[in-house]
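Fold and geometry: a report
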Amino acid sequence: MKHALPLLFCCVAASSAVAQTAPQTTQNRAEAQTVLPSYATVATAITGAPLVIDARIRDLIRIKEISGAPLTSGRVRLYVEADVLALIRGSSPLSAQISYIADVPLDARGKVPKLKKQRVLLFARPVAGKGGEVQLTGIDSQFAWSPELDALTRRITRDLLAANAAPAITGIGNAFHVPGALPGEGETQIFLKTGSGAPISLQILRRPGEQTRWSVSLGDIVDESAGAPKRDTLLWFRLACGLPKSLPADALNAESPQNAEAAREDYQLVLRDLGPCT
């Protein structure tokens, strides 16, 4: 076992801080993982991790004296050494063997789970100047490997790194509603802010006697035929997990009260159709 604990303790506090806001995931346990984490859970883990690593745990040691960040009740802090099987995401040079600190749940008996030789997926960041060390991005950034989880992780990673990948939503730019000639007819357009600056807009169409339809356009040209994104796709994830719960008032400053209310109703329809970011 390597004596690298002092080098890694500097990273525990940052990892635990991230965990306060990170969504809860299926933590690696001694028992086999029977439930595949949701698309949103895996996508959130990937988007926050410069490194996604397929690894097998070689050795571990319990850290009994906690001098880093506070340890959550019901968990145990471990210093882990693992063999890298594949680097799913990341360009940083990694050693064939890596080490990291993980806070994992105790098993049903309150004991340290038996993780040695278990295959895992790690969502991590590199440690500067230490090719053999990584830092998990959150308290639940170590997953028990399964073929299904591996396939989902690789699919999301490919979509995320694609040249035409849907960008992260950072807010609402502006929104407006144009009533139609007939009662109940109208169109709402909502322009979104993105992390990359790439344009994304929502179009909601109302027609008398028809179900209200909405679509999302990537780019400057509005494409009403694009339709709504399919669930468990990167674009669905960006919208479902990135859109605010309501239209901000400053996005509707130029609208009359009646048109502003119509735009708010149409926006809520979009949120309902997308469903929650679970």
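Residues numbered from 1 in each chain as written. Predicted model: local features only at pLDDT ≥ 70, side-chain atom pairs only at ≥ 80, totals over all residues. Heavy atoms only, no water.

A few points about the pairing of strand β7 (residues 169–179)
In terms of strand pairing, β7 meets strand β8 (residues 186–194) through nine bridges, oriented antiparallel. Directly across from valine 178, in β8, lies its bridge partner glutamate 187. The turn joining β7 and β8, which pair antiparallel and follow one another in sequence, is formed by six residues; a positive phi near 85° is taken by glycine 184. (Pairing = 2+ DSSP bridges. Helix = DSSP H or I, 4+ residues; strand = E, 2+ residues; numbered from the N terminus.)

A look at the packing of aromatic side chains
Enumeration according to the criterion identifies three aromatic pairs in this entry. Note on phenylalanine 123 and phenylalanine 143: the rings are 5.3 Å apart at their centroids and 80° apart in plane angle, and the pair reads as edge-to-face. Remark: phenylalanine 143 occurs in strand β6 (residues 142–144) and phenylalanine 123 occurs in strand β4 (residues 119–127); sequence separation between them is 20 residues. On the accessibility criterion, phenylalanine 123 (1% relative accessible area) is buried. Residue phenylalanine 143 is classed as buried on the basis of its relative accessible area, which comes to 0%. The ring of tryptophan 145 has arginine 119 lying over it, and the distance from NZ or CZ to the ring centre is 3.7 Å. (Phe/Tyr/Trp six-rings, centres within 6.5 Å; stacked < 30°, edge-to-face > 60°. Buried < 20%, exposed > 50% of the residue type's maximum accessible area, 1.4 Å probe, protein only. Lys NZ or Arg CZ within 6 Å of the ring centre and 35° of its normal.)

Considerations on helix α4 (residues 234–242)
Counting buried positions along α4 yields seven of nine residues, so the element is predominantly enclosed. For α4, the complete set of buried residues consists of Leu234, Leu235, Trp236, Phe237, Arg238, Leu239 and Ala240.

Points about the pattern of salt bridges
Evaluated as defined, the whole model comprises 11 salt bridges. A salt bridge links arginine 109 to aspartate 107; its shortest N-O distance comes to 3.5 Å. Put simply, glutamate 265 and arginine 206 hold a salt bridge, and the shortest N to O gap is 3.5 Å. With a gap of 59 residues between them, glutamate 265 in helix α5 (residues 257–274) and arginine 206 in strand β9 (residues 200–206) connect regions that are remote in the sequence. On the basis of relative accessible area, glutamate 265 is assigned to the partly exposed category, the value being 44%. (Salt bridge = Lys/Arg side-chain N within 4 Å of Asp/Glu carboxyl O.)

A word on the environment of isoleucine 98
With respect to the helices and strands, the residue isoleucine 98 is situated in strand β3 (residues 97–105). What makes isoleucine 98 buried here is its relative accessible area of 2%. Sequence-wise, isoleucine 98 and valine 80 are 18 residues apart; in three dimensions their C-alpha atoms are separated by 8.2 Å. In contact with isoleucine 98, other than residues within four places in its own chain, are Ile53, Val80, Glu81, Ala82, Val84, Leu122, Gly131, Gly132 and Val134. (Contact = heavy atoms within 4.5 Å.)

Details of the packing of helix α2 (residues 39–47) against helix α3 (residues 147–161)
Their axes nearest at 10 Å, the elements α2 and α3 cross at an angle of 55°. Between α2 and α3, the angle falls in the class oblique. Crossing of α2 against α3: the hand is right-handed. Of the residues in α3, those touching α2 at Tyr39, Val42, Ala43, Ile46 and Thr47 are Leu149, Leu152, Thr153, Arg155, Ile156, Thr157 and Leu160. Partitioning the contact of α2 with α3 into residue classes produces eight nonpolar, three polar and one charged. (Axes fitted to C-alpha atoms, helices over the stretch in contact; angles between N-to-C directions. Parallel < 35°, antiparallel > 145°, perpendicular 65-115°, else oblique. Left-handed = near helix turned anticlockwise from the far one by under 90°. Nonpolar A, V, L, I, M, F, W, Y, C, P; charged D, E, K, R; others polar.)

Considering the nonpolar core
In a soluble, globular protein the nonpolar side chains are often hidden away together inside. In this structure, Ile190, Leu192, Leu202, Leu239 and Leu243 are the most contacted members of the largest nonpolar core, which totals 44 residues. At seven residues, the largest contribution of residues to this core is made by α5. Discounting residues that sit within four places of it in the chain, leucine 239 has contacts with Ile169, Leu192, Leu202, Val216, Pro229 and Leu274. (Core = buried A, V, L, I, M, F, W, Y, C linked by side-chain atoms within 4.5 Å.)

Things to note about the sheet that holds β8
Within the open sheet, the four strands sit side by side as β7-β8-β9-β10. Their pairing is antiparallel. Of all the strands in the sheet, the pair left with one neighbour each is β7 and β10 (213–218). Ignoring strand direction, the axes of neighbouring strands in this sheet form an average angle of 15°. As paired elements, β8 and β9 share seven bridges and run antiparallel to each other. Residue glutamine 189 lies in a different strand from β9, and its bridge partner there is glutamine 203.

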